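Residues per chain are reported as follows:
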Amino acid sequence: MKRRELVIVGGGPAGMAAALAARAAGVEDVLLLERDQHLGGILNQCIHPGFGLHHFKEELTGPEYADRFAALVHADPGIEVSLRSFVVKLGKDRELSYLRPGAMEDIQAGAVILATGCRERTREMIPIPGSRPAGVFPAGLAQKMVNMEGWIPGREAVIVGSGDIGLIMARRMALEGVAVKAVIEIQKTSRGLVRNVVQCLEDFGIPLRFQHRLTAIHGADRVEKVSVVRVDDDFKDIPGTAFEIACDTVLVSVGLIPENELLEMAGGAVDRRTNTPVADEVNLTSLPGVFACGNACKVYDLADSVTRDSELAGRMAAKYLGVPA
Amino acid sequence: MSYDVIIIGAGVTGAAAARELSRYRLKVLVLEKEAEPAFGVSKSNSGIVHAGTQNPPSSLKGWLCVEGNRMIREELAADLGLHFVQCGQLIAVFDLADLPELETIKAEGEALGVKDMRVVDRAWLDANEPNLGPEVKAALLVPTAGIISPYRFVYALIENAVKNGAELKTSAKVAGIRRREGGGFYVEAGGRVYTTKFLVNAAGLRADEISAMAGAPTFTITPRKGEEYLLDKKREHIANHIIFPLPSKTSKGILIIKTSDGNPMIGPTAHDTGDKDDLATTEEGLAEVLAGARRMMPSVSKGDIIAYFAGLRPVAGKDFIIRHESAAPGLVNAAGIQSPGLTAAPAIAVMIADILKKQGLPLEPKDQFHRLRQRTEHLFMSSPEEARRLIAKNPAYGDIVCRCELVSAQEVRDAVRHGATTLDGVKFRTRAQAGRCHGGFCTTRILKIMQEELGRPVTELTKRGPGSEIVKDERK
Ligand SMILES: Cc1cc2nc3c(=O)[nH]c(=O)nc-3n(C[C@H](O)[C@H](O)[C@H](O)COP(=O)(O)OP(=O)(O)OC[C@H]3O[C@@H](n4cnc5c(N)ncnc54)[C@H](O)[C@@H]3O)c2cc1C
Ligand SMILES: Cc1cc2nc3c(=O)[nH]c(=O)nc-3n(C[C@H](O)[C@H](O)[C@H](O)COP(=O)(O)OP(=O)(O)OC[C@H]3O[C@@H](n4cnc5c(N)ncnc54)[C@H](O)[C@@H]3O)c2cc1C
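Described below are features of the structure shown in this document. (Residues numbered from 1 in each chain as written. Chains lettered and ligands numbered in written order. Predicted model: local features only at pLDDT ≥ 70, side-chain atom pairs only at ≥ 80, totals over all residues. Heavy atoms only, no water.)

So, about the overall build of chain A. The helix and strand inventory of chain A stands at seven helices and 20 strands. Expected size for 325 residues packed as a compact globule is a radius of gyration near 20 Å; at 21 Å, chain A falls within 12% of this value. On the principal axes, the C-alpha backbone points of chain A span a range of 70 × 40 × 40 Å. Across the 325 residues of chain A, 60% fall into the buried class. Contacts in chain A between residues at least 24 apart in sequence constitute 62% of all its contacts with a sequence separation of at least 6. By element, 52% of the accessible surface of chain A is carried by carbon and sulfur atoms, the whole surface being about 12900 Å². The average position of the 36 basic charges and that of the 42 acidic charges among the side chains of chain A differ by 2 Å. (Helix = DSSP H or I, 4+ residues; strand = E, 2+ residues; numbered from the N terminus. Rg over C-alpha atoms; globule rule 2.2 N^0.38 Å. Buried < 20%, exposed > 50% of the residue type's maximum accessible area, 1.4 Å probe, protein only. Contact = heavy atoms within 4.5 Å. Areas by Shrake-Rupley, 256 points an atom, 1.4 Å probe, with all protein chains shown as cover. Lys, Arg positive; Asp, Glu negative; His and termini not counted. Charge placed at Lys NZ, Arg CZ, Asp CG, Glu CD.)

Moving on, we get to the overall build of chain B. In terms of helices and strands, chain B carries twelve helices and 22 strands. For 476 residues, the compact-globule formula gives about 23 Å, and the C-alpha radius of gyration of chain B, at 22 Å, lands near that figure. For chain B, the spread of C-alpha atoms along the principal axes amounts to about 65 × 60 × 45 Å. The buried share among the 476 residues of chain B stands at 62%. The long-range fraction of contacts in chain B, counting pairs at least 24 apart against all pairs at least 6 apart in sequence, stands at 72%.

Turning our eyes to something else, we now look at the site of ligand 1. Residue and element names in this part refer to chain A. Near ligand 1, the surroundings consist of 33 residues, among which A14, E34, I42, N295 and A303 are the closest. Here P13 contributes a backbone N or O atom positioned 3.2 Å from an oxygen atom of ligand 1. Between an oxygen atom of ligand 1 and a main-chain N or O atom of A303, the distance comes to 2.7 Å. For ligand 1, the protein covers 94% of the area, taking 1000 Å² as the surface of the free molecule. Contributing elements (two or more residues each) for the shell around ligand 1: α1 (13–24), β3 (49–51), β6 (86–90) and α7 (303–320). Looking at the shell around ligand 1 residue by residue, the class counts come to 17 nonpolar, twelve polar and four charged. (Near = heavy atom within 4 Å. Polar contact = N/O pair within 3.5 Å; in protein donor to acceptor, adjacent residues only side chain to side chain. Nonpolar A, V, L, I, M, F, W, Y, C, P; charged D, E, K, R; others polar.)

For the rest of this paragraph, the subject is the site of ligand 2. Residue and element names in this part refer to chain B. Lining the immediate surroundings of ligand 2 are 40 residues, of which T13, E32, S42, I337 and T343 lie closest. I337 places a polar main-chain atom, nitrogen or oxygen, 2.6 Å from an oxygen atom of ligand 2. Here an oxygen atom of ligand 2 and a backbone polar atom of P340 are 3.3 Å apart. In terms of residue class, the shell around ligand 2 is made up of 16 nonpolar, 17 polar and seven charged. Counting contributing residues, the shell around ligand 2 receives three or more from each of domain 1 (1–83 + 147–221 + 316–375) and domain 2 (89–143 + 222–314). (Domains from an automatic or database assignment.)

Right, let's get into the interface of chain A and chain B. Every contact between the two is made by 52 residues of chain A and, on the other side, 55 residues of chain B. Between chain A and chain B the total buried area reaches about 4500 Å² when both faces are included, carbon and sulfur atoms providing 52% of it. In this structure, the connection of chain A to chain B is made through ten salt bridges. Residues R272(A) and D304(B) are paired through a salt bridge, measuring 2.8 Å at the closest nitrogen-oxygen approach. For the side of chain A that touches chain B, the elements supplying multiple residues, two or more each, are β6, β7 (95–100), β8 (103–114), β9 (118–120), β10 (136–138), α3 (139–149), β11 (151–152) and α6 (261–265) of chain A. (Buried area = accessible area lost by both parts, 1.4 Å probe. Salt bridge = Lys/Arg side-chain N within 4 Å of Asp/Glu carboxyl O.)

Glancing now at the pattern of salt bridges. Scanning all chains against the criterion turns up 62 salt bridges over all chains. For R445(B), the salt bridge goes to D399(B), with nearest N and O atoms at 2.9 Å. Highlighted residues: R445(B) in helix α12 (residues 443–454) and D399(B) in the loop between α9 (384–393) and β20 (400–402), separated in sequence by 46 residues. We note a salt bridge from R431(B) to E405(B), for which the minimum N-O separation is 2.7 Å. Remark: E405(B) occurs in the loop between β20 and β21 (407–408) and R431(B) occurs in the loop between α11 (423–430) and α12; sequence separation between them is 26 residues. When sorted by exposure, R431(B) lands in the same class as E405(B), which is buried. The network of salt bridges with common partners includes R119(A), E259(A), E261(A), E264(A), K234(B) and R403(B).

On to the nonpolar core, then. Residues and elements named next belong to chain B. Core analysis: the largest hydrophobic core is formed by 57 residues, its most contacted members being I7, L64, I322, I348, I352 and L356. For this core, the elements supplying multiple residues, two or more each, are β1 (2–8), α1 (12–21), β2 (28–31), α2 (60–79), α5 (150–163), β11 (192–201), β19 (331–335) and α8 (341–358). In terms of residue count, α8 provides more of this core than any other element does, eleven residues in total. (Core = buried A, V, L, I, M, F, W, Y, C linked by side-chain atoms within 4.5 Å.)

Residue and element names in this part refer to chain A. Between α3 and helix α4 (residues 164–175), the shortest axis-to-axis distance is 10 Å and the interhelical angle comes to 35°. Once α3 is placed against α4, the crossing between them reads as left-handed. Contact residues: α3 offers A139, G140, A142, Q143, V146 and N147, while α4 offers I165, I168, M169, R172 and M173. Of the residues belonging to the contact of α3 with α4, the class tally is seven nonpolar, three polar and one charged. (Axes fitted to C-alpha atoms, helices over the stretch in contact; angles between N-to-C directions. Left-handed = near helix turned anticlockwise from the far one by under 90°.)

What follows covers the packing of aromatic side chains. Inspection of the entire model under this criterion finds nine aromatic pairs over all chains. Measuring from ring centre to ring centre gives 5.9 Å for F39(B) and F428(B), while their planes differ by 90°; the resulting arrangement is edge-to-face. Highlighted residues: F39(B) in the loop between β2 and β3 (48–49) and F428(B) in helix α11, separated in sequence by 389 residues. When sorted by exposure, F39(B) lands in the same class as F428(B), which is buried. What links up through ring pairs into an aromatic cluster is the set F51(A), F56(A), Y65(A) and F69(A). (Phe/Tyr/Trp six-rings, centres within 6.5 Å; stacked < 30°, edge-to-face > 60°.)

With that out of the way, let us pick up the environment of T282(B). Inspection of the secondary structure puts T282(B) in the loop between β16 (271–272) and α7 (283–296). In this structure T282(B) comes out as partly exposed when scored by relative accessible area, which is 25%. Put simply, T282(B) and E411(B) are 129 residues apart on the chain and 34 Å apart in space, counted from C-alpha to C-alpha. Other than its neighbours up to four places away in sequence, T282(B) contacts P129(A), K225(B), E227(B) and Y229(B). One polar contact links T282(B) to E227(B), side chain to side chain, over a distance of 2.7 Å. One polar contact links the side chain of T282(B) to the main-chain amide nitrogen of G285(B), over a distance of 2.9 Å.

Here is the structure:
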C-alpha cells in the first residue's frame, strides 16, 4: 500500500482551501482526490454572482471564485490533484481505496480530510405523495442541467422550498423563459437571504406562498399538476384551502444533507438526524487524524465561510501530522 | 408475419413463457406495450422468492409457488447469472397464544412441499435477528424463501429467450385481436398485423381486456394496490431474514423485506382500487407501513426512507387463472397473476407449454438450447479483487457515474447495449439513480451516455417511454 502524508477527499472550495492551508503550514505531500473531471465542486454550476465578498472583497461568480483557488492548487508542486477519482472506502486507521478510470488504488494516509460536500434532500425525503412522473427534479440538479448543459427541464414550474437554491433557481428558470407559477414554503418565512427573496422573486413577479405545502404530485408520464394546501402554525392542513396548480415541472429545494458516508464507513460517529460528524469542535470527527470540512462538516450559506473554516482544517491536519516538526 | 405463438406482455409471466417456449422449434413473438420489458406489475413488487407458505394447500398458486421457488433456487438463478439470496423468512407472532396458528401454517406448507420449517423461540430470535422489538414472541422459520431483483429477473429471462430465437417487440400495444378462419388469430399491435396459431395472454392488469378482445370475456381483474417504502442501504443489516407478521384474514401484513440490492424495504399495503393506472402513494399508506414495520422493529425510522412506489396486484378471484379458453380456441390465459406471481413464473411457464401441447402445438426440442446467460457485471456486488479485475479489463469500470450506488460508466453503457432505452431502464438494470440522492449527481452524466449510445438528442430521452421526456428544450 502506498503511503501519503495528507489525503483530501473532494476538490470543491473546502478541499482546495484545506490543501493550500496545509501546504502553507508545512505539509509536504498532499493528494487531492476529486470525483469530477474538474476542481470546484458545486461552485461550477453556481454561475450567479455573490461569491467572494468576504474573502476577496469583490463580487465573483461561483466558477470565478473556484478558478482562483484551482489555479493556486495546480501551481503547487506539493499538491497532486487526481481527477475522476472516487473514494469508495475509508477505514478507521485512514487506509482508503479509490477508483479512477483504469485503476483501483489503495493508500495509507497519515491524515485524511473529508471535504465531500452535500447532497440535496429529495422529494422522497419529505415525502410528497402522489404519482412519480418525469419532471420532478432536485433544484440543484435542475441548476446543473440548465447552467452546465443548456438543458431546460420544463416550461411551467412550481418550486418547493424557499431556501437560497430554490430562490436562485426560480430566477434562473424565469430568465430561461419558463413560467414559474409559485414558490411553496411550509414555514412562515424564507430560509434564504433577503436579497435573494427580493432579487429572485419580487423582481420577477413570482408568488411566494408561505405556510403552504404540496400534498400531491399528479401526472402519469410527465407532471401535469400539483395539489397545494394552506397549513396553520402547527403545520396542520386548513380545511377548505386546497387548490391545484397546473405545471409540467416541480423543483424540490428542501435542504442539503452533508455527505458523510465515508466517515460512517470508517466507524466515525455521525449524527443520524443531521448527518454531520459528531465532534466537539468544527472540522473534527470522532476518529483521530480524520477531519471533515466545508459542507461535509455542516451546511454553509456562504462559500467564503467554507474557505475560512477549511483553511483551519488544513492547519489542524498539519498539526496532527506534527508539522512543522 | 406469421408465428406459432404470440405472447402478450413482457412481464415476468410473459418473459418466463417466452424462455420456456424458446427451447422448442417454434416461432415465438412477445408483444409489449411499454418501451421496455418489466415496466408493468413486475417492476413494483417485493422481490421475494416466496417459499409457498400462506397459500391454501389445494390452490394452484400454492404449488406453482413451491415449484417456482425450487426452479429459481436450484436451476434458474445460476443458469441466468442472477443474484438470488436464500435468506429465509420468519413469520412472527406477538402473542404466544397464536403459536397454534404457526403450526397450521407449517402443516399447510408441508402439504404443499415446503421443507425444513421450524418454530423458533425468542432466544433464537435474539441471537439471529437482534433488532426485533420486544413485542415479537416467537416465529416460524422458513429457510427456502429468498430474494431476487424482480426486473433483472425479467431482463435475464427475456434476453435468454431472444438469444434462443424468440422475438420481442416493445412499444407494441395490442389494440385488436381477430379469430382466423381455420384457427388462430390476427393480432394488431403498434400499427402492424401479425398472424399466430396460438396466443398466450400474460397482460397483467389488462389480461381481462385482452381475453375479451380474443373472444373470451370470462373474468375481470381488480387491481389491489401495494405501497412499498425503501430504506437507505446503510440500514442493510437491520434484518437478516424477510420478516412477516402472522397474516390476518385480508393480507399478509406489513413486512420487513431484505432486497437483493441491499436496501431494506417495508410494505406492502393491500387495498383494492378501481383504477388500473393508480400508482400513487398516499400519506395513509406511509403511516400504515411505518406502524406495521415498527411493531416488529421499533428502530425503523421515517428518516431512513429514500424511495417509495406503489404496485397493483392483478387480482381475478382468489387464485391464478391459467387455462385454455374453449370460447376462443388457441387462447391460453395466464391471468390474475397476483402474489406470488414473481416466484411462480417459471412454473407457470412450464404449465403454459403443457397446455399448448395438449391443444395440439408440437413441442420439438431444438438441437441447441442456450440455457446459460452470462452474468452482467455490477461493481456494487463485486469484491475488491473482482473490481480490480474488471477495471483492468476495461478502464471504464473505474469511471464512477452514480456515487450513492457505485455504478460505473461502463455498466450504464452495458445496460443500453442490452436494450435499455429509458432512464428507468438504466436504473432497473444498474441501480444508477436508485440510491439516496435520487439521481441528483448522476442524471446528467447518464443522459449524456445515453445520447452517445442511442444517437438521439437529449429532448427525446425519456424516463419510461413517450410522454415522459426529461428535458423539454435545449438552449441554442
Ligand atoms: C445551488 C447553490 C447555490 C449557492 N449559492 C451561493 C452563493 O450565492 N454565495 C455563496 O457564498 N455560497 C453559495 N452556495 C454555497 C457554497 O457553494 C457551498 O457552501 C460550497 O460550495 C461548499 O463547498 P464544499 O467544498 O464543502 O462542497 P462542494 O462544492 O460540494 O465540493 C465537494 C466535492 O467533493 C467531491 N466528492 C464528494 N464525494 C467524493 C468522493 N467519495 N471521492 C472523491 N470526491 C468526492 C465532489 O465531487 C465535489 O466536487 C451555494 C450552494 C449551492 C448548492
Ligand atoms: C406490491 C406488490 C408486491 C408483490 N410482491 C411479490 C413478491 O414479493 N413475490 C412474488 O412472487 N410476487 C409478488 N408480487 C406479485 C408479482 O409482482 C406479480 O404476480 C407479477 O409481477 C405479475 O407479472 P405479469 O407478467 O403477469 O404481469 P406484468 O408484469 O404486469 O406484465 C404484463 C405486461 O403486459 C403488458 N401489456 C398490458 N396490456 C398490453 C397490451 N394491450 N399490449 C401489449 N402489452 C400489454 C404490460 O405493459 C405489462 O408489461 C407483488 C405484487 C405487488 C403489486
